[in-house]
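Observations on the three-dimensional arrangement
Okay, here's what each chain looks like letter by letter:
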Amino acid sequence: MASNSEAGGSADYETLMSTSDVELLKRAWRNEKAAPEILQYEGALVDRAKEQIELVEETIDDYVENGIDPLVVSLYQMDLDRAQFLLRSYLRVRLLKIEKFMFHNLKSEEAERRLSEQEKVFATRCADDLAKHFEETVLLKLPENYQSVLKQSLISEVDDMVPQPHLDTFVVCRSKNFVSLNLYEEGESPETVEMERGDLYFIRYKIVKRAIESGQIDLI
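For clarity, every value in this text was computed on a predicted model and none was experimentally measured.

Some details on the nonpolar core
If you look at the biggest cluster of nonpolar residues, it comprises 21 residues, and the most contacted ones within it are Leu-25, Ile-60, Tyr-63, Tyr-76 and Tyr-90. Secondary-structure elements contributing two or more residues to this core are α1 (19-34), α2 (43-65) and α3 (70-100). Ranked by residues supplied to this core, first place goes to α3 with eight residues. Of all hydrophobic cores here, the second largest spans 17 residues; its members include Ala-35, Cys-173, Val-208 and Leu-219.

This is the structure we're talking about:
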């Protein structure tokens, strides 16, 4: 915490933002931005970041009112700006993915589990509004067999009009520990790649998907 100086009426700067939480938030944002699909919502981290941002905002207001050295205030403001940027960027990129894959995120149990409760509400509203718009402007004017929002026609066995994330997308990643990954899916010829700590790889996302979820690999 920062303390007031009796002699100069200033304060010694000491960041109020947890350095570890800032780094975790930066990691979450980078992974989310680089991954083709939506990742698990970091609820606890977001809550801590919001609390720390509120604390810094209150501290800045108190320091300005008490005439604390402007240099110290500017340092706290830099901390605040950095944390707000990371938090907003993290939440914004998730909203963009929800809008892009709204139907997929709602119909896939795995994807839906990764959303926060607020994100689920947002996705549901977006999907309902888009479906209503399509029905009123286009679908109801088509033959009955072609009035589905999710399928090209009623004879389709799958929801072939629902955009899905491309898990074969190539990504750049860095290993945090030694990791051995299977390059192919189950049932195919086994071949592995071994990544040492700090190694950079340009590789298909679905190969490193589980390692990212477990925190062994970060996306760049």
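Next, the rest of the story.
Describing the pattern of salt bridges
For the structure shown, the criterion picks out 18 salt bridges. The residue Arg-210 makes a salt bridge to Glu-110 at a minimum N-O spacing of 3.6 Å. Taken together, the residues Arg-210 in helix α7 (residues 205-213) and Glu-110 in helix α5 (residues 109-113) connect sequence positions 100 residues apart. What emerges from the salt-bridge pattern is a single network uniting Glu-37, Glu-110, Arg-114, Lys-209, Arg-210 and Glu-213.

Description of the packing of α3 against helix α6 (residues 117-137)
Relative to each other, α3 and α6 sit at 35°, their axes nearing to 9 Å. The crossing of α3 and α6 is right-handed. Between α3 and α6, the contacting residues are Arg-94, Leu-95, Ile-98 and Glu-99 on the first element and Glu-119, Phe-122 and Ala-123 on the second. For the contact of α3 with α6, a count of residues per class yields four nonpolar, no polar and three charged.

Reading the values: rules and limits
Residues numbered from 1 in each chain as written. Predicted model: local features only at pLDDT ≥ 70, side-chain atom pairs only at ≥ 80, totals over all residues. Heavy atoms only, no water. Core = buried A, V, L, I, M, F, W, Y, C linked by side-chain atoms within 4.5 Å. Buried < 20%, exposed > 50% of the residue type's maximum accessible area, 1.4 Å probe, protein only. Helix = DSSP H or I, 4+ residues; strand = E, 2+ residues; numbered from the N terminus. Salt bridge = Lys/Arg side-chain N within 4 Å of Asp/Glu carboxyl O. Axes fitted to C-alpha atoms, helices over the stretch in contact; angles between N-to-C directions. Left-handed = near helix turned anticlockwise from the far one by under 90°. Contact = heavy atoms within 4.5 Å. Nonpolar A, V, L, I, M, F, W, Y, C, P; charged D, E, K, R; others polar.

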